[in-house]
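Residue-level structural notes
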Amino acid sequence: FKQCTSLETLDLSSNSIGPTGALHIFNSIPQNSALKHLDLMSNDLCGLDGAAVGHALQRSEQLCGVIFTNCGLRDDSVVSMLPHLSSHGRIEKLFLEANNLTGKILPV
């Protein structure tokens, strides 16, 4: 994606990306990218390293929406991602519908 710095929306929904591929995508987004919306809906991301994704998102200056709908995410992935997103400050929309989440992702 380093050559596509003007790309604003990337829809990779319903593919076979997997957690390693998703992490590679997040790490490939250059800091100066214009990417605002990333859709990973309906990819099997079970076991995704949420902290690594969170670190990668912190580097992105424009990204404000990520769709993880129906990705098989578990609480541990989301819980480890959330602190990085809150310090990112630009994420406005995070879609987590139809995952394997329980109430454990909510702060007590």
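Residues numbered from 1 in each chain as written. Predicted model: local features only at pLDDT ≥ 70, side-chain atom pairs only at ≥ 80, totals over all residues. Heavy atoms only, no water.

1. Digging into the sheet that holds strand β3 (residues 65-67)
As summarised here, the arrangement of the four strands in space is β1-β2-β3-β4, forming an open sheet in which the pairing is parallel. Unpaired on one side and paired on the other, β1 (9-11) and β4 (93-95) mark the two borders of the sheet. For this sheet the average axis-to-axis angle between neighbouring strands, irrespective of direction, equals 5 degrees. (Pairing = 2+ DSSP bridges. Helix = DSSP H or I, 4+ residues; strand = E, 2+ residues; numbered from the N terminus. Axes fitted to C-alpha atoms, helices over the stretch in contact; angles between N-to-C directions.)

2. Considering unusual backbone geometry
Apart from glycine, the bulk of residues carry a negative phi angle, and the bulk of peptide bonds sit in the trans form. Unusually for a residue other than glycine, serine 14 sits at a positive phi of about 55 degrees. Among the secondary structure elements, serine 14 is positioned in the loop between β1 and α1 (18-28). Backbone geometry at serine 42 places phi at a positive 60 degrees, although glycine is not the residue there. Of note, serine 42 is situated in the loop between β2 (37-39) and α2 (50-59). Since its relative accessible area comes to 26%, serine 42 is described here as partly exposed. (Buried < 20%, exposed > 50% of the residue type's maximum accessible area, 1.4 Å probe, protein only.)

3. A word on the environment of leucine 73
Relative to the elements of secondary structure, leucine 73 occurs in the loop between β3 and α3 (75-88). When neighbours within four sequence positions are excluded, leucine 73 is seen to be in contact with Leu45, Leu48, Phe68, Val78, Leu96, Asn99, Asn100 and Leu101. (Contact = heavy atoms within 4.5 Å.)

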